[in-house]
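Analysis of the macromolecular model
Residue strings, one per chain:
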Amino acid sequence: MTELNETHDPALRSWLQSANDDALGFPVQNLPFCVFRRAGTTESWRPGTGIGDRILDLAALAQAQPFDGDAARALAACQGPDLNALMSLDAACWSALRLALSRALRAGSPLQARIEPLLVAQADAEFSVPARIGDYTDFYISVHHATAIGRQFRPDNPLLPNYKWVPIGYHGRASSIGVGQHFHRPVGQTRPTQEGGTPVFGPCARLDYEVELGVFIGTGNALGRRVTLEHAEDYIFGLTILNDWSARDLQAWEYQPLGPFLSKNFASTISPWIVTLEALAPFRVPFQRGAGEPQPLPYLSSAHNSASGAFDVRLRTELGTEQSREQGAPRATLARSNFRDAYWSIGQLVAHHTVNGCNLQPGDMLGTGTMSGPEPDQAGSLLELSQGGKTPINLPWGETRTFLQDGDEVAISAECVKPGYPRLSWGAAVGRVLPSLE
């Protein structure tokens, strides 16, 4: 696991003044990665790192060859249209590049004059999916979400017996993952109105969002070689925000016996930014099960994971509508939750995913599943907030919602905050619902 080092010094300041603005959340202690180009151009997509209100063009920086050793090797891998080449290297290279960038962007750096012309305003950029995602697996690691949903269908036994013993997951669709998505309302079959009747075909009527984090795999493992929990985080490049949209009425009809299909594969929206595990080191917290909870099996248990396998990441969900935009009203906050409440750690997800010899590859993404907290206002979906559509949610501008309507825009943001340390922003995963294509 990543130890604290000089890049985490809270006293560090950048020669770029906007990086020292805590409201922006992109200080020299953050340095998240993205793939971008100038908006409205046909420039090539290329890797960048966020600093203040700017993006440092890593492809251009690589041409200048300012670093040596592992940092030079890592920077040289930042010249393609995605981050996969960088991800395929090891944690030592990622760490060396972070250290070199940190030193280059700090106040007093002798590289300021060479780097300053390579900065692009975030406001002038457009973003792409930061990695070529080969495979996507979605997990279900919030016991609060699983309990709340299970209670709606099985009031006396909301959690299935395997939940507290094994990280539950299914393989999703990588091709429909995007940044800043505007997607059409899905259509499909829904449950017959009468037992034994004919299913209904048409637009989804119970469209929902799901507040998640995405875990990007860096170094892969060979087929047949499992990754132990002790080394699992060495295979993780970083984390992003994920909104795994769900068509609840399609899902209710199709999910048995093999699980979600068309109810999940029409869109999944991520933030353009990947925050590295090393940047998150100051926000590690113990991963502990409550009293009376079953303890993980040995392959899912380690002293390091128990001591600091969880992360304090604050999540917020906001909703805007066509009416709110017409009125100039800000988005309404629907809920707040925290990743530290997850029932399984990201290291456990990697260890479990590979325990049967499954090979993960650079750029693969794991979803955490909906992240809900223990309180009602910490729910990570409308299905929970509206009690399955029974309790409408009142919005400040006079509308109500049980599920999403056309024109609705959901923004999920994340941040890391602690006293005496600069705020780290993860940006936001923003998506808007368009009318169905009938």
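Residues numbered from 1 in each chain as written. Predicted model: local features only at pLDDT ≥ 70, side-chain atom pairs only at ≥ 80, totals over all residues. Heavy atoms only, no water.

1. Description of the sheet that holds strand 26 (residues 421–434)
Applied cut-off: Following DSSP output, two strands are said to pair if at least two bridges run between them. A run of H or I in DSSP counts as a helix once it spans at least four residues, and a run of E counts as a strand once it spans at least two, with each numbered from the N terminus. Axes here refer to lines fitted to C-alpha atoms; in helices the fit is confined to the stretch in contact. Angles between the N-to-C directions go from 0 to 180 degrees.
Read from one edge of the open sheet, 5 strands run 9-26-25-20-21, paired in mixed fashion. The sheet terminates laterally at strand 9 (182–184) and strand 21 (332–338), the two strands that pair on one side only. The average angle at which neighbouring strand axes cross in this sheet is 20°, direction not considered. Sheet topology note: the strand 25 (residues 409–418)/strand 26 ladder contains 8 bridges and is antiparallel.

2. A look at helix 2 (residues 69–76)
The condition is simple: The classification of residues rests on relative accessible area computed with a 1.4 Å probe and restricted to protein chains. Under 20% of the type maximum is buried, over 50% is exposed, and intermediate values are partly exposed. This arc describes the spread of directions from the helix axis toward the C-beta atoms. It only takes one pair of heavy atoms within 4.5 Å for two residues to be counted as in contact.
Those residues of helix 2 that sit buried are Ala 71, Ala 74 and Leu 75. In a view along the axis of helix 2, the buried residues occupy a sector of 100°, so they form one face of it. If you follow the buried residues of helix 2, they end up packed against helix 1 (58–64), helix 3 (84–87) and helix 4 (91–105).

3. Brief notes about the UniProt feature "domain: Fumarylacetoacetase N-terminal" (unreviewed entry) in the chain
Selection rule: UniProt positions are given in the numbering used here, feature names are shortened, and annotations may be inferred rather than shown by experiment.
Here the UniProt-annotated "domain: Fumarylacetoacetase N-terminal" (unreviewed entry) positions come out as residues 29–130. With 37% helix and 23% strand, residues 29–130 has its two end C-alpha atoms placed 20 Å apart.

4. Section: the domain arrangement of the chain
Let me state the cut-off plainly: By convention here, the domain bounds are inherited from an automatic or database domain assignment. Note: buried area is the sum, over both parts, of the accessible area (probe 1.4 Å) each one loses when the two are combined.
Split into domains, the chain comes out as domain 1 (6–128) and domain 2 (136–434). Computed from C-alpha atoms alone, the centre-to-centre distance between domain 1 and domain 2 is 28 Å. With 31 residues of domain 1 at the contact, the number on the domain 2 side is 26 residues. Across the interface of domain 1 and domain 2, roughly 2300 Å² is buried in total on both sides, 65% from carbon and sulfur atoms. Per-residue buried area on domain 1 facing domain 2 is highest for His 8, Met 87 and Trp 94; these three make up 25% of the total on that side.

5. Considerations on the UniProt feature "binding site: substrate" (unreviewed entry) in the chain
Definition in use: Polar contact is defined as a pair of N or O atoms within 3.5 Å, subject to the rule that within protein one atom must be able to donate a hydrogen and the other to accept it, and that residues adjacent in sequence are counted only when both atoms are side-chain atoms.
This chain's UniProt record puts "binding site: substrate" (unreviewed entry) on Tyr 140, Arg 154, Gln 251, Tyr 255 and Thr 370. For Thr 370, a relative accessible area of 2% translates into the label buried. The residues touching Thr 370, leaving out its near neighbours within four places in the chain, are Ser 142, His 145, Glu 210, Val 211, Glu 212, Gly 380, Ser 381 and Glu 384. Engagement of the side chain of Thr 370 in a polar contact is seen with the side chain of Glu 210, the distance being 3.3 Å.

6. As for the packing of aromatic side chains
Inclusion rule: Pairing of aromatic rings covers Phe, Tyr and Trp, the last through its six-membered ring, and needs centres within 6.5 Å; plane angles under 30 degrees mean stacked, over 60 mean edge-to-face, and all others mean tilted.
According to the stated counting rule, one finds 10 aromatic pairs in the structure shown. On the numbers, 5.8 Å between centres and 45° between planes, the contact of Tyr 163 with Tyr 343 is tilted. In this pair, Tyr 163 sits in the loop between helix 6 (143–153) and strand 7 (169–171) while Tyr 343 sits in the loop between strand 21 and helix 10 (346–354), placing the two residues 180 residues apart along the sequence. Note on accessibility: Tyr 163 and Tyr 343 belong to one class, buried. On the basis of an interplanar angle of 85° and a centroid distance of 5.4 Å, the ring pair of Phe 283 and Tyr 421 is categorised as edge-to-face. Taken together, the positions of Phe 283 in the loop between strand 17 (275–276) and strand 18 (284–285) and Tyr 421 in strand 26 put the pair 138 residues apart, joining distant regions of the chain. Residue classification places Phe 283 among the buried residues on the basis of a relative accessible area of 2%. Note on Tyr 421: relative accessible area 11%, which makes it buried.

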